[in-house]
Amino acid sequence: EVQLVESGGGLVQAGGSLRLSCAASGVTFDDYAIGWFRQAPGQERQGVSCISSTDGSTYYADSLKGRFTITSDNAKNTVYLQMNSLKPEDTAVYYCAVLWGLYSGNYYCNFDDMNYWGKGTLVTVSP
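Residues numbered from 1 in each chain as written. Predicted model: local features only at pLDDT ≥ 70, side-chain atom pairs only at ≥ 80, totals over all residues. Heavy atoms only, no water.

**Let's talk about the side chain of Arg38**
Okay, so step 1: One can find Arg38 in strand S4 (residues 33-39).
Okay, so step 2: Residue class for Arg38 comes out buried when judged on its relative accessible area of 8%.
Okay, so step 3: Only 2.9 Å separates the side chain of Arg38 from the side chain of Tyr94, close enough to count as a polar contact.
Okay, so step 4: Discounting chain neighbours no more than four positions away, the residues touching Arg38 are Glu44, Arg45, Gln46, Val48, Leu64, Phe68, Glu89, Asp90, Ala92, Val93 and Tyr94. (Helix = DSSP H or I, 4+ residues; strand = E, 2+ residues; numbered from the N terminus. Buried < 20%, exposed > 50% of the residue type's maximum accessible area, 1.4 Å probe, protein only. Polar contact = N/O pair within 3.5 Å; in protein donor to acceptor, adjacent residues only side chain to side chain. Contact = heavy atoms within 4.5 Å.)

In structure tokens, the structure reads:
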């Protein structure tokens, strides 16, 4: 059974940094896509960033390019999100999600097709 555990959220002041971690277990094959979403109060979940284990390609929401960086340790099935220059509008619950097991072959990032989700970690950015 696939399980995702996020960590690293907390309270920071605007301009500060946080690094989120997501450890995935139960992913028994090499190929998957894993990434981050966020949801602020009253808003839909938004895709933040994703990385493909197939080729290492990464994707970011346009508004976050240059501030957020996604990396992965494939041996540990772990993904990280380095968040710099945080803004109050970044305040949200951040969720880790994985696309895996729906088909054989290569997996590439698609924010619409993630099929396993973590419980989330809260990031609060104060003014």
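Next comes the rest of the account.
**Some details on the state of the cysteines**
Okay, so step 1: Following the criterion strictly, the structure yields two disulfides and no others.
Okay, so step 2: The disulfide bridge from Cys22 ends at Cys96, spanning 2.0 Å between sulfur atoms. Taking the torsion about the sulfur-sulfur bond, which here is approximately -80°, the covalent link between Cys22 and Cys96 counts as left-handed. Here Cys96 lies in strand S9 (residues 92-99) and Cys22 lies in strand S3 (residues 18-25), a separation of 74 residues in the sequence. Each of the two residues, Cys22 as well as Cys96, counts as buried.
Okay, so step 3: Numbered in order of appearance, the disulfide-bonded cysteines of the protein are paired 1-3, 2-4. (Disulfide = S-S within 2.5 Å.)

**Describing the environment of Asn84**
Okay, so step 1: Summarising the element assignment, Asn84 is placed in the loop between strand S8 (78-83) and S9.
Okay, so step 2: Counting along the chain gives 31 residues from Asn84 to Asn115, while the straight-line C-alpha distance between them is 28 Å.
Okay, so step 3: Once residues lying within four places of it in the same chain are set aside, the contact partners of Asn84 are Gly16, Ser17, Arg67 and Phe68.
Okay, so step 4: Polar side-chain contacts of Asn84 include one of 2.9 Å to the side chain of Ser17.
Okay, so step 5: Here Gln82 takes part through its side chain, which lies 3.0 Å from a polar atom of the side chain of Asn84.

**Observations regarding the pairing of S4**
Okay, so step 1: The element S4 is largely enclosed, with a buried count of six among its seven residues.
Okay, so step 2: As defined by bridge partners, S4 adjoins strand S5 (residues 46-52) across six bridges and the pair is classed as antiparallel. Looking at the pairing, Trp36 lines up with Ser49 of S5.
Okay, so step 3: Between S4 and S5, which follow one another and run antiparallel, lie six residues, and Gly42 among them has a positive phi close to 75°.
Okay, so step 4: Inspection of the sheet shows S4 paired to S9 by seven bridges, in the antiparallel sense. The residue of S9 that forms the bridge with Phe37 is Tyr95. (Pairing = 2+ DSSP bridges.)

**So, the side chain of Thr78**
Okay, so step 1: As for its position among the elements, Thr78 is in strand S8.
Okay, so step 2: Engagement of the side chain of Thr78 in a polar contact is seen with the backbone oxygen of Lys76, the distance being 3.1 Å.

**Quick word on the environment of Val48**
Okay, so step 1: Looking at the element boundaries, Val48 is found in strand S5.
Okay, so step 2: Once residues lying within four places of it in the same chain are set aside, the contact partners of Val48 are Trp36, Phe37, Arg38, Tyr59, Tyr60, Ala61, Leu64, Phe68, Leu81, Tyr94 and Phe111.

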